[in-house]
2 protein chains.
Amino acid sequence: MIEDKNEKKTTLSELGEFGLIEHLTANFSIKNKTTILGIGDDAAILDFKDKAVVVSTDLLVEGVHFDLSYMPLKHLGYKAVVVNLSDIYAMNACATQVTVSIAVSNRFGLEALEALYDGIRTAASIYEIDVVGGDTTSSQSGLTISVTAIGEVNASDAVKRSGAKPNDLLVVTGDIGAAYLGFQVLEREKEVFKVNPNNQPDLDAYTYIIERQLKPEARKDIVQLLQDLEVKPTSMIDISDGLSSEIIHLCKQSNVGCDLYEEKIPLDPQVISTCEEFNLDSTTIALSGGEDYELLMTISQEDYPKIKANPNLTVIGYMTDARSGMHLVTRGDEKIPLKAQGWNSLNKD
Amino acid sequence: MIEDKNEKKTTLSELGEFGLIEHLTANFSIKNKTTILGIGDDAAILDFKDKAVVVSTDLLVEGVHFDLSYMPLKHLGYKAVVVNLSDIYAMNACATQVTVSIAVSNRFGLEALEALYDGIRTAASIYEIDVVGGDTTSSQSGLTISVTAIGEVNASDAVKRSGAKPNDLLVVTGDIGAAYLGFQVLEREKEVFKVNPNNQPDLDAYTYIIERQLKPEARKDIVQLLQDLEVKPTSMIDISDGLSSEIIHLCKQSNVGCDLYEEKIPLDPQVISTCEEFNLDSTTIALSGGEDYELLMTISQEDYPKIKANPNLTVIGYMTDARSGMHLVTRGDEKIPLKAQGWNSLNKD
């Protein structure tokens with residue numbers, strides 16, 4: 001390359017579409033034996049033998065799903081892969097491949113895409129999946145990322161949203177509400193920055209919740225844990241839109257009701273302290289926040305002894321007859337109907 | 001619904017993200033026995049038994065890949081699916097499922113998305129594939145469509161780009177150059193319309209080339225034909241970026257050269273007459289035009305008797321040693337190096 005001290009941004013058209021994909025995926029290795037052929041042909045070839053295949057897809061749009069003023073591109077690449085893997089784990093399946101397509105405006109140089117793909121490669125490495133395809137194109141404005149995740153599962157082990165039965169226990173992994181609060185902190189700092197660009201924010205008190213927003217993890221470990229515990233959930237979903245919204249999905253698709261106990265909802269101490277600071281109700285945040293990428297599942301009562309000692313799994317309620325409806329049982333023992341107030345990209349202005 | 005005589009555009013936020021996907025895919029039926037579970041869970045479940053799986057993905061961006069001023073939304077939905085299926089057929093595979101994600105600005109109402117999905121459903125019906133997943137979200141501007149196509153193939157039947165050998169015949173299906181010329185006609189009419197919106201264009205002389213641009217078809221029939229003829233190509237690719245660009249892909253990935261004969265390139269009479277009218281060289285259009293979605297393949301010389309009588313298949317050249325390079329042999333018997341001048345979305349301004 002010719003040295004140019006005035007220009008650090010390599011324009012994408014210098015490489016062209018084929019050169020770009022080759023360049024960005026040059027050091028992506030194939031790790032799964034199910035991947036027969038990866039990037040570089042009309043299609044990838046995969047072979048799952050006698051296993052079933054699970055497929056999920058998501059589209060992330062700049063200004064709707066992410067804000068590059070505080071989301072580093074490497075984190076964005078990582079998150080774009082992880083949120084799709086979460087859907088695969090929510091089927092009780094093992095994620096094996098992704099395809100990643102991006103549309104970028106000419107505002108982005110090669111170095112920006114390298115950072116994005118660095119995050120994609122990091123996620124692929126940590127979650128042991130192969131990037132087997134993709135498309136790179138220009139856009140008229142902004143960045144759009146489309147990821148399709150593929151996984152394998154013994155057909156009889158797959159867990160749908162529709163299998164919950166009355167009296168099943170409602171179980172959630174990890175803790176919830178943190179990602180949404182991290183978003184609130186980042187939005188606040190962005191406003192402060194606009195007023196005073198020299199201000200150095202002190203974010204030490206928010207490290208956990210900010211990381212939950214910028215670098216979420218998918219619960220691959222839970223699929224393994226459930227196998228080790230010999231528990232097959234009766235239904236399962238990942239928490240992307242907020243706990244209440246996901247509970248309603250399970251209830252509707254399983255034709256059951258639910259009693260959710262406010263006092264049982266697992267919250268990180270940083271969520272509680274930040275809610276106090278922001279004068280927000282932590283239960284509302286947990287119910288409606290979204291982007292936690294924890295797993296929400298129902299299990300049969302007889303499996304309770306297998307899970308009760310596990311710190312990763314918290315029983316937060318139980319399923320009822322559909323006629324009983326879906327309720328939050330408050331700390332004051334009141335029953336309030338659950339409403340879907342999850343994050344909905346179509347309602348954003 | 002409440003009647004409102006002043007408002008024909010239903011805003012998307014009235015339905016919400018979940019309501020929207022449910023509404024748009026409500027009458028999509030499942031046709032393939034490989035589809036165990038379609039839309040409505042965290043992921044689709046597919047079961048291909050002992051067959052290999054092929055996966056391909058594409059992103060279509062408004063203003064880059066399509067212009068809604070002359071592309072009806074129903075056609076766009078159809079085309080978005082078909083161009084992805086073309087990649088599956090280019091592997092010599094049978095397309096079985098797609099996922100379709102869309103990002104739309106608030107410029108689009110429900111009726112617009114219904115038209116788009118009508119085209120998607122029509123393509124799914126004609127090509128006998130299932131729509132098993134997707135995502136619907138808002139965008140800050142314009143329409144973006146991401147399609148992932150999935151197919152099945154006996155692992156030993158899959159045809160890559162990399163298997164061509166010297167002396168293999170270079171074979172193309174159908175005719176080429178028409179889609180690009182259709183695009184030129186539509187662009188011209190758009191300019192005329194800007195000057196005089198009351199002008200009614202007479203497009204009778206261009207019906208074939210305009211249809212090739214607005215409603216292309218993928219060569220599913222060729223995969224069946226090759227099976228019937230008992231011919232397995234040594235390499236294959238679909239023509240999306242222009243004949244010369246695709247030939248170069250096959251040559252580079254197979255490490256061979258090629259002699260392409262100008263006089264053998266199959267052109268529709270409408271391509272020839274329109275090229276004359278526009279004062280364009282038809283060979284240049286065929287080599288660089290793109291979006292034909294025909295299949296380009298190499299076959300062993302010994303298979304020639306099986307294909308020679310077939311009107312769908314035209315021998316346009318043969319493969320050589322890599323050292324001989326890649327050439328166009330002109331009608332005047334000159335040898336000109338082949339250059340990739342295909343359509344490249346990253347070079348668009």
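Draft legend 1. Layout of the overall build of chain A. Helix and strand counts for chain A come out as ten helices and 13 strands. In terms of its C-alpha atoms, chain A occupies a principal-axis envelope of roughly 70 × 60 × 35 Å. Of all 349 residues assigned to chain A, the portion counted as buried reaches 52%. Of the contacts made within chain A by residues no fewer than 6 positions apart, 87% connect residues no fewer than 24 positions apart.

Draft legend 2. Inspection of the domain arrangement of chain A at higher detail. All names here are of chain A. When the domains of chain A are assigned, the result is domain 1 (12–157) and domain 2 (169–347). Of note, the centres of domain 1 and domain 2, computed from C-alpha atoms alone, are 26 Å apart. Tallying contributions element by element places helix α2 (residues 73–89) first for the side of domain 1 that touches domain 2, with nine residues.

Draft legend 3. Focus on unusual backbone geometry. Residues and elements named next belong to chain A. Residues other than glycine seldom take positive phi values, yet Glu230 does so here, at roughly 60 degrees. Relative to the helices and strands, Glu230 is located in the loop between α6 (220–229) and β8 (235–238). Residue class for Glu230 comes out exposed when judged on the 8 C-beta atoms lying within 10 Å of it.

Draft legend 4. Expanded view of the nonpolar core. Residues Val54 of chain A together with Val54 of chain B are the most contacted members of the largest nonpolar core, which totals 212 residues. If we skip the residues at most four places from it in the chain, Val54 of chain A touches Ile88, Met91, Ala93, Gly151, Val153 and Ala158 of chain A together with Ala43, Ala44 and Ile45 of chain B.

Draft legend 5. Summary view of the sheet that holds strand β6 (residues 143–153) of chain A. The mixed open sheet is built from six strands, whose spatial order is β5(A)-β4(A)-β6(A)-β3(A)-β2(B)-β1(B). Bordering the open sheet on either side are β5 (130–138) of chain A together with β1 (35–37) of chain B, each of which pairs with just one other strand. Taking each pair of neighbouring strands and ignoring which way they run, the sheet shows an average axis angle of 20 degrees. Bridge analysis of strand β3 (residues 52–61) of chain A against β6 of chain A gives ten bridges, and the strand direction is antiparallel. Each bridged residue has a counterpart across the sheet, and for Val61 of chain A the counterpart in β6 of chain A is Thr144 of chain A. α2 of chain A contacts β3, β4 (94–104) and β6 of chain A of the sheet and is inclined by roughly 30 degrees relative to β6 of chain A.

Draft legend 6. Expanded view of the sheet that holds strand β9 (residues 256–261) of chain B. Residue and element names in this part refer to chain B. Read from one edge to the other, the open sheet built from seven strands follows the order β8-β10-β7-β11-β9-β12-β13, with strand pairing classed as mixed. Here the strands that pair on one side only, and so sit at the sheet edges, are β8 (235–238) and β13 (335–337). Neighbour-to-neighbour, the strand axes of this sheet turn through a mean angle of 25 degrees, independent of strand direction. Across four bridges, the pairing between β9 and strand β12 (residues 326–329) is parallel. Looking at β12, one finds that Leu260 is bridged to Leu328. Its contacts with the sheet put helix α7 (residues 243–254) on β8, β9, β10 (295–299) and β12, and the angle it makes with β9 is roughly 150 degrees.

Draft legend 7. Geometry of the pairing of strand β12 (residues 326–329) of chain A. All names here are of chain A. Burial along β12 is one-sided: the face carrying Met326 and Leu328 is buried and the face carrying His327 and Val329 is not. Bridge count for β12 against strand β13 (residues 335–337) is three bridges, and the pairing is antiparallel. Looking at β13, one finds that Val329 is bridged to Lys335. Counting the residues that bridge the hairpin from β12 to β13 gives five residues, and of these Asp333 lies at a positive phi of roughly 65 degrees.

Draft legend 8. Geometry of the relation of the copies chain B and chain A. For the pair chain B and chain A, the relating rotation is 180 degrees, the translation along its axis is 0.0 Å, and the fit reaches an RMSD of 0.0 Å. Such a combination of rotation and displacement between the chain copies is what one expects of a two-fold axis. An overlap of 98% is found between the interface residues of chain B and their copies at the interface of chain A, pointing to a shared contact surface.

Draft legend 9. Main features of the packing of helix α4 (residues 178–195) of chain B against helix α5 (residues 207–214) of chain B. All names here are of chain B. As a packed pair, α4 and α5 sit with axes 7 Å apart at the nearest point and diverge in direction by 100 degrees. Taken together, the axis directions place α4 and α5 in an arrangement best described as roughly perpendicular. Between α4, through Ala178, Ala179, Leu181, Gly182, Phe183, Val185 and Leu186, and α5, the contact on the second element is made entirely by Tyr208, Ile209, Ile210, Arg212 and Gln213.

Draft legend 10. Looking closely at the environment of Ser162 of chain B. All names here are of chain B. Locating Ser162 in the fold gives a position in the loop between β6 (143–153) and β7 (169–173). Under the C-beta neighbour-count criterion, Ser162 is labelled partly exposed, with 17 such atoms within 10 Å. Separated by 13 residues in sequence, Ser162 and Asp175 have C-alpha atoms that sit 24 Å apart.

Draft legend 11. How the structure looks around the interface of chain B and chain A. Across the boundary between the two partners, chain B contributes 59 residues, which contact 59 residues of chain A. In terms of residues, the side of chain B that touches chain A owes the most to one element, strand β3 (residues 52–61) of chain B, which gives nine residues. Looking at the side of chain B that touches chain A residue by residue, the class counts come to 26 nonpolar, 21 polar and twelve charged. By the bridge criterion, three bridges tie strand β2 (residues 44–46) of chain A to β3 of chain B in an arrangement that is antiparallel. Paired with Ala44 of chain A across the bridge in β3 of chain B is Val55 of chain B.

Draft legend 12. α6 of chain A, seen in detail. All names here are of chain A. For α6, the set of buried residues is Ile222, Val223 and Leu226. Buried residues of α6, viewed axially, fall in a sector of 105 degrees; they line one side. Along α6, the residues that are exposed and aim more than 90 degrees away from the buried face are Asp221, Gln224 and Asp228. Those residues of α6 that are buried lie in contact with α2, β4, β7 (169–173) and β10 (295–299). Positive backbone phi, approximately 60 degrees, marks Glu230, located one or two places after α6.

Draft legend 13. Structural view of helix α7 (residues 243–254) of chain A. All names here are of chain A. Along its twelve residues, α7 runs 16 Å from first to last C-alpha, staying within 8% of the 16 Å computed at 1.5 Å per residue. In terms of residue burial, α7 counts as a mostly covered element, since nine of its twelve residues are buried. Turning to α7, its buried residues number three or more, namely Leu243, Ser244, Ser245, Glu246, Ile247, His249, Leu250, Cys251 and Ser254. Packed against the buried residues of α7 are β8, β9 (256–261), α9 (282–288), β10 and β12. One or two positions beyond α7, positive phi appears at Asn255, with a value near 55 degrees.

Draft legend 14. Up close: the packing of α4 of chain B against helix α8 (residues 269–278) of chain B. Residues and elements named next belong to chain B. At a closest axis distance of 10 Å, the pairing of α4 and α8 adopts a crossing angle of 40 degrees. With respect to α8, the element α4 is oriented oblique. Like other packed secondary-structure pairs, α4 and α8 cross with a definite hand, here left-handed. Listed contacts from α8 to Ala178, Leu181, Gln184 and Val185 of α4 are Gln270, Val271, Thr274, Cys275 and Phe278. For the contact of α4 with α8, the per-class residue count stands at six nonpolar, three polar and no charged.

Draft legend 15. Local environment of the pairing of β8 of chain B. All names here are of chain B. Neither face of β8 is left uncovered, since the one carrying Ser235 and Ile237 and the one carrying Met236 and Asp238 both have all their residues buried. Here β8 runs beside β10; their pairing, made up of four bridges, is antiparallel. In the sheet register, Asp238 faces β10, and the bridge partner there is Leu295.

Draft legend 16. Local environment of the environment of Leu250 of chain A. Residues and elements named next belong to chain A. Mapped onto the elements of the fold, Leu250 is located in helix α7. Taking the C-alpha atoms as reference, Leu250 lies 12 Å from Ile299; in sequence the two are 49 residues apart. Contacts of Leu250, omitting those with residues within four sequence positions, involve Arg161, Ala164, Ser235, Ile237, Leu296 and Thr298.

Conventions used here
All residue numbers here refer to positions counted from 1 along the written sequence of the relevant chain. Written order decides the labels, with chains lettered from A and ligands numbered from 1. Only residues with pLDDT of at least 70 get local features here, since the model is predicted, and only at 80 or more are side-chain atom pairs given and counted; chain-wide, interface and lining totals rely on the full set of residues. Helical segments are the DSSP runs of H or I of at least four residues, strand segments are the runs of E of at least two, and each set is numbered from the N terminus. Residues with at least 20 neighbouring C-beta atoms inside 10 Å of their own are called buried, those with 12 or fewer are called exposed, and the rest are partly exposed, where every C-beta is derived from the backbone. We call two residues in contact when the distance between their C-beta atoms, placed using the backbone, is within 7 Å. Segmentation of the chain into domains, including their bounds, is taken from an automatic or database domain assignment. Residues enter a nonpolar core if they are buried, belong to Ala, Val, Leu, Ile, Met, Phe, Trp, Tyr or Cys, and are joined to the set through C-beta atoms within 7 Å. Here the rule is simple: two strands pair whenever DSSP picks up at least two bridges between them. Axis lines are fitted to C-alpha atoms, over the contacting stretch for helices. Their N-to-C directions set the angle, which ranges from 0 to 180 degrees. The copies were overlaid with a least-squares fit restricted to C-alpha atoms from residues scoring a pLDDT of at least 70 in each copy. When describing relative orientation, an angle under 35 degrees is termed roughly parallel and one over 145 degrees roughly antiparallel, while 65 to 115 degrees is termed roughly perpendicular and anything else oblique. Three residue categories are used. Nonpolar comprises Ala, Val, Leu, Ile, Met, Phe, Trp, Tyr, Cys and Pro, charged comprises Asp, Glu, Lys and Arg, and polar comprises the others, including Gly. Arc, as used here, means the arc of the directions from the helix axis to the C-beta atoms. Expected helix span is given by 1.5 Å per residue-to-residue step, counting one fewer step than there are residues. Here is the rule for handedness: rotate from the far helix to the near one, and if that takes an anticlockwise turn smaller than a right angle the crossing is left-handed, while a clockwise turn gives right-handed.

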